[in-house]
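# Notes for the structure review
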Amino acid sequence: NGEYWQPDASEDGSVPNIVLRVRLVEPAKVFVEPAKLELNVSGRASLRFKERIASGFVRLGLPNNGSVSLKGKTYLDRLELMARARFKRVKLEPFKGILFSNSPLNVQGKLNGDLSISLNQKQLGCKGGISLAGFVMKGGFLEDSLSSNNFSVICDAEKLEIIPTELKYGPWIASLAGDLS
């Protein structure tokens, strides 16, 4: 029947206390061909079967001393998630080959921030913020460049806020601000 090992069920029907942990001993060098981008990847993950929890962490070392760190924890038997993303000096230019590989669009800017998100069956929560400095998009369908000196989003508990910013497109200037509660 395909079963090689079956733990004896305890009298109370509990799951055996088994934990699977995986980690990269040394950072791995990963080359992303379309973008000609080399990343240094480190990370770890674990599955705790008795508690029905999966968790992990991955850090991507980017060119020009930039980095992206992602950390998360979730339950396997219910909707409950906690996640965090940190962006440090992430230049958008090297990602053109990944995000816009078949497009004549060119994108520039630097992403920084620290954002935590939590989700369960009753609510969505967040804390932190992300900013994009020196954003410029040009080429393709755009006749002029679309730009913003600094675009920021912050989140505190139950409110997501777009910090007032200006978007420029040729002779046009638009103001952008707002919040969601």
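Let us look at the structure shown here.

Analysis parameters
Residues numbered from 1 in each chain as written. Predicted model: local features only at pLDDT ≥ 70, side-chain atom pairs only at ≥ 80, totals over all residues. Heavy atoms only, no water. Patch = residues over 30% accessible without salt bridge, like charges linked within 9 Å, V, L, I, M, F, W, Y side chains within 5 Å. Areas by Shrake-Rupley, 256 points an atom, 1.4 Å probe, with all protein chains shown as cover. Salt bridge = Lys/Arg side-chain N within 4 Å of Asp/Glu carboxyl O. Helix = DSSP H or I, 4+ residues; strand = E, 2+ residues; numbered from the N terminus. Buried < 20%, exposed > 50% of the residue type's maximum accessible area, 1.4 Å probe, protein only. Contact = heavy atoms within 4.5 Å.

### Remarks on a nonpolar patch on the surface
Taken together, the side chains of Ile18, Leu20, Val22 and Phe49 make up a nonpolar region of the molecular surface, amounting to roughly 330 Å² of accessible area. Along the chain, the position of isoleucine 18 falls in the segment before β1 (19-23). Its relative accessible area of 37% is what places isoleucine 18 among the partly exposed residues.

### Some details on the side chain of serine 69
Counting through the fold element by element, serine 69 comes out in strand β5 (residues 67-75). A relative accessible area of 13% means that serine 69 is categorised as buried. When residues no more than four places from it in sequence are discounted, the contact partners of serine 69 are Phe57, Val58, Arg59, Arg84, Ala85 and Arg86.

### Quick notes on the pattern of salt bridges
Applying the stated criterion to the full structure yields seven salt bridges. Between arginine 78 and aspartate 77 there is a salt bridge, with its nearest N and O atoms 3.4 Å apart. Taking relative accessible area as the criterion, arginine 78 reaches 39% and is therefore assigned partly exposed. When its relative accessible area of 44% is taken as the criterion, aspartate 77 is described as partly exposed. One salt bridge in this structure joins lysine 127 and aspartate 156, with 4.0 Å as the shortest N-O distance.

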